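Commentary on secondary and tertiary structure
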Amino acid sequence: GIIVIGQGKSTERIEQVAQAGAPLVVWGDPKVTTDYAVVGSNNELGGFIATEHLIKGGCKKILFLGDPEHAEMSERYKGHYRAIKRYGLSEESSITLSCDITSKAAYEKIAEIILSEGLSFDGIVATSDMVALGAMKALKERYISIPGDVAIVGFDDIAMAELLHPALSTVKQDTRTAAKVMVEQLIKQFNGQKPQSSVIDIALVTRKSSRPA
């Protein structure tokens, strides 16, 4: 049996494995229609509550930092944009800054936008905690206060998130439950049963990198 962590932008190889008949479960976007089981977080809701939290904390110009073409990240972007509309902000209140899902790429993008436009935003929704980490480094090197000047929310709640300075607000993914569900869906296939895609709950964890509502 095979457990794949991450769909990525292209699912071609995953689909080839599924067509070959191998027992397969994928961590990714469970809303995508597939011939195999996909287990993943409610990414759209995660993007919404992250953006909502920033808006309630007073942010008026929010940067969405990550890759909106990636399956999971596109759902987070949808949630982000839904919150912008829900709270009556203009489309200009949201800036999309596409980058690879790495700290290095995020660092470079934040440095680049500040160099070209100055500090044109007061909030960041990062598509992962590692992306948030890179953004925080770029801001700190330029003596930009977090959360005073720019409030940040990540996604994942990795172990490092609580240890950062300031500690990172983030959308927590219940990876323990997800791992259990993925194994259960794989075992179903061993027993000749049809697996099912599943959505795992998420929760906002507020720390010092964002402002209280």
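Quick notes on the rules
- Residues numbered from 1 in each chain as written.
- Predicted model: local features only at pLDDT ≥ 70, side-chain atom pairs only at ≥ 80, totals over all residues.
- Heavy atoms only, no water.
- Pairing = 2+ DSSP bridges.
- Helix = DSSP H or I, 4+ residues; strand = E, 2+ residues; numbered from the N terminus.
- Axes fitted to C-alpha atoms, helices over the stretch in contact; angles between N-to-C directions.
- Contact = heavy atoms within 4.5 Å.
- Patch = residues over 30% accessible without salt bridge, like charges linked within 9 Å, V, L, I, M, F, W, Y side chains within 5 Å.
- Areas by Shrake-Rupley, 256 points an atom, 1.4 Å probe, with all protein chains shown as cover.
- Salt bridge = Lys/Arg side-chain N within 4 Å of Asp/Glu carboxyl O.

**Points about the sheet that holds strand 8 (residues 169–173)**
Spatial ordering of the open sheet is given by 5-4-6-7-8-10, a layout of six strands whose pairing is mixed. What marks the edges here is a single partner per strand, and that holds for strand 5 (94–98) and strand 10 (202–205). Strand after strand, the sheet turns through a mean of 20° between neighbouring axes, direction not considered. Sheet analysis places strand 8 next to strand 10, joined by four bridges and oriented antiparallel. From the neighbouring strand, Val171 faces strand 10, where its bridge partner is Leu204. Each of strand 4 (62–66), strand 6 (123–126), strand 7 (151–156), strand 8 and strand 10 touches helix 2 (residues 43–56); the most contacted strand, strand 7, lies at about 160° to it.

**A word on the sheet that holds strand 9 (residues 198–200)**
Spatially, the four strands line up as an open sheet ordered 1-2-3-9, and their pairing is parallel. Each of the sheet's edge strands pairs with one partner strand only, and the pair in question is strand 1 (2–5) and strand 9. Each adjacent strand pair in this sheet contributes to an overall mean axis angle of 20°, direction not counted. Here three bridges tie strand 2 (residues 24–27) to strand 3 (residues 37–41), and the two strands are oriented parallel to one another. Bridge assignment links Val26 to a residue of strand 3, and that residue is Val38.

**Remarks on a nonpolar patch on the surface**
Residues Ile3, Ile5, Val183, Ile187 and Phe190 make up a contiguous nonpolar surface patch of roughly 460 Å² in combined accessible area. At the level of elements, strand 1 and helix 6 (175–190) are the ones that each hand at least two residues to the nonpolar patch. With three residues, helix 6 is the single largest residue contributor to the nonpolar patch. Examined against the element boundaries, Ile187 turns out to sit in helix 6.

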